[in-house]
Structure formats: structure tokens, C-alpha cells
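The chain contents come next:
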Amino acid sequence: MTNQILLACIYLAVFLFLQRALTHWVRKLAQMKQVSVTRTSLVTRFISYVMFFITLSLMAVSLGLGYQDVSLFVSSAFAVMGVALVAQWSILSNLTAGVLIFFVFPYRIGERIKVVDKDEDISGVIVEIALFHVLIHRDNGDMVTYPNNLMLQKAVLKLADQTPLAQRQAQSDSKKRFDPE
């Protein structure tokens, strides 16, 4: 019994060490990619929850609950989540895509992009990259909320105009003041 408790404590210590290391790494990556603090916090929290669930499962096995009992619980939990999310599969895919975009999306807030879509012209400046969607400010002033899963599925072009959004809005406002129509 002492060995089992010691092993559970080791799992807990490894979890805490990995959580701190991954949190530090994600924050450093977010700072390098100029990602918002809110989005960084959401991604960090998501990774921590997954790691905690895995650690809890390992601790349960090491404390003698049995591999079959724990695997039955884990598979049942995933089955319930699957049934609960089957009607809302897009939520799960957007959440997964949001985490992927955090790590591998080559475009940043303030850059002009165009999503290649035959039905709609979706081009403009990225205003926000959230966990479920990307906000794109069009040149005509409209705001487009584009789902993350579609952002990964479609081709995205980086456009040449790299003027920051705030500067373009200021230019547009000054143009409206001096150019009455």
C-alpha cells in the first residue's frame, strides 16, 4: 500500500512539473506569436484539464482500482461526451481547431488575409483569433466571424497590405471628415 501511495504522489508531482513547464512554454509561444492573454489562458486551461484527467486515471490504477475498472470509467465518460456532443460536433471540431490554430496558424492579428471560398469573398484584417472562431474585419466595415474548423480546411492567402487595422481606421475616419459625400 505504501508503494501505491508513493507512486500516486510521483504521478502528482510529475503532473505539477509538466503543467508548470507546459504553461511556461505556451505563454512564451503566445508572447512570441503575439497572442492575446485570454486565448493563451483558454489553451493552457484546456491542456491542464486533459493532463489532469490522464493523471487521475493513472493514480486510480496505481491505487489499486484496477485497469479494467478505470478503463470502463474512462470509456463510459468518453461515450457520454460523444453522445452529448454528437448534435454539436462542430463545437468539438472548432475547439480542436482552435488549439491547433494556436500552435500552427501562420497568420497573426492585424494581418490581411483572404479565405479562398467560392461562395463568398472573405478578405480583410484579422481582428481576433478566439478558441472557436476568427474575426475578420472587411474593408467595407463588416465583421465576419469565421469558424476555426473551416479556417483549417480552406486555403488562406496572406494579402500584401500590412497596414495595421487601427491606422487604416484612423485614415478612413479622417478621410470621412475631410471628404463629405
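Residues numbered from 1 in each chain as written. Predicted model: local features only at pLDDT ≥ 70, side-chain atom pairs only at ≥ 80, totals over all residues. Heavy atoms only, no water.

The name given to the chain in an unreviewed UniProt entry is Small-conductance mechanosensitive channel, and the organism recorded there is Shewanella glacialipiscicola. UniProt lists a comment for the chain under the heading Subunit (unreviewed entry), and it reads "Homoheptamer." Checking UniProt for the chain, the heading Sequence similarities (unreviewed entry) contains the comment "Belongs to the MscS (TC 1.A.23) family." (UniProt positions renumbered as here; feature names shortened; annotations may be inferred.)

**Student:** What's the story with the nonpolar core in this structure? I'm lost.
**Tutor:** Grouped together as the largest cluster of nonpolar side chains are 14 residues, with contacts concentrated most on Phe105, Ile113, Val115, Ile126, Ile136 and Met151. Where this core is concerned, the elements lending two or more residues are strand E1 (112-115), strand E2 (122-129), strand E3 (133-137) and strand E4 (143-147). Here this core gets 3 residues from one element, more than from any other, and that element is E2. Leaving out residues up to four positions away in the same chain, isoleucine 126 has contacts with Phe105, Tyr107, Arg108, Ile109, Gly110, Glu111, Ile113, Val134 and Leu135. Core analysis: the next-biggest nonpolar cluster, separate from the first, contains 12 residues, Ala30, Met51, Phe102 and Leu131 among them. (Core = buried A, V, L, I, M, F, W, Y, C linked by side-chain atoms within 4.5 Å. Buried < 20%, exposed > 50% of the residue type's maximum accessible area, 1.4 Å probe, protein only. Helix = DSSP H or I, 4+ residues; strand = E, 2+ residues; numbered from the N terminus. Contact = heavy atoms within 4.5 Å.)

**Student:** What is the right way to look at helix H2 (residues 37-62) in this model?
**Tutor:** Residues separated by three or four positions in an α-helix point in the same direction, a consequence of the helix having 3.6 residues per turn. Between its first and last C-alpha, H2 extends 37 Å over 26 residues, near the 38 Å set by a 1.5 Å rise per residue. Burial in H2 covers these residues: Arg39, Thr40, Val43, Thr44, Ile47, Ser48, Met51, Thr55, Ser57, Met59, Ala60 and Ser62. Downstream of H2 by one or two residues, glycine 64 has phi in the positive range, about 100°. (Expected span 1.5 Å × (residues − 1).)

**Student:** Hey, could you run me through helix H1 (residues 2-33) in this one?
**Tutor:** Taking 1.5 Å per residue, 32 residues should reach 46 Å; H1 reaches 46 Å between its end C-alpha atoms and fits that length. Phi turns positive, to about 60°, at glutamine 34, one or two residues after H1.

**Student:** So what exactly am I meant to see when it comes to empty space enclosed by the protein here?
**Tutor:** Overall, the coordinates contain 2 cavities of 30 Å³ or more when judged by the stated rule. Reported here for the largest cavity is a volume of approximately 110 Å³. Along its surface, the largest cavity is lined by 13 residues, and Lys33, Val35, Arg39, Tyr107 and Ile129 are the ones closest to its centre. Of all elements in the fold, only helix H4 (89-104) and E2 reach the threshold of two or more residues within the lining of the largest cavity. Here the lining of the largest cavity is composed, by residue class, of 7 nonpolar, 2 polar and 4 charged. Lining of the second largest cavity is provided by Gln19, Leu22, Thr23, Val26, Thr44, Ile47, Ser48 and Met51. Looking at side-chain class alone, the lining of the second largest cavity contains 4 nonpolar, 4 polar and no charged residues. (1 Å grid on protein atoms, 1.4 Å probe; cavity = no way out; pocket = protein on both sides within 12 Å on 5 of 7 lines; lining within 4 Å. Points joined across faces, edges and corners; volume = space filled by probe spheres on them. Nonpolar A, V, L, I, M, F, W, Y, C, P; charged D, E, K, R; others polar.)

**Student:** I'm lost on the pattern of salt bridges in this one. Help?
**Tutor:** Side-chain pairs of opposite charge can arise where the charged atoms are in close proximity. The final tally for this structure, using the stated rule, is 5 salt bridges. When the shortest N-O distance is used, the salt bridge between arginine 138 and glutamate 120 registers 2.8 Å. In this pair, arginine 138 is assigned in the loop between E3 and E4 and glutamate 120 in the loop between E1 and E2, connecting sequence segments 18 residues apart. (Salt bridge = Lys/Arg side-chain N within 4 Å of Asp/Glu carboxyl O.)

**Student:** Which parts of the structure should I look at to understand the pairing of E2?
**Tutor:** Residues in a regular strand project their side chains so that they alternate between the two faces of the sheet. When you tally the buried positions in E2, you get 6 out of 8 residues, the bulk of the element. Of the strand pairs in this sheet, E1 and E2 are connected by 4 bridges, and their pairing is antiparallel. Opposite isoleucine 113, over in E2, you have glycine 124 as the bridge partner. Adjacent in sequence and paired antiparallel, E1 and E2 are bridged by 6 residues. Judged from the 4 bridges that link them, E2 and E3 form a sheet pairing that is antiparallel. (Pairing = 2+ DSSP bridges.)

**Student:** I would appreciate a short explanation of the packing of aromatic side chains in the present structure.
**Tutor:** Ring pairs (aromatic) are described by centroid distance and by the angle formed between their planes. In this structure the tally under the stated criterion is 2 aromatic pairs. Taking the centre distance of 5.5 Å and the plane angle of 15° together, the rings of tryptophan 25 and phenylalanine 103 count as stacked. You can see tryptophan 25 sitting in helix H1 and its partner phenylalanine 103 sitting in helix H4, a full 78 residues away along the chain. Tryptophan 25 sits in the partly exposed class, given a relative accessible area of 46%. (Phe/Tyr/Trp six-rings, centres within 6.5 Å; stacked < 30°, edge-to-face > 60°.)

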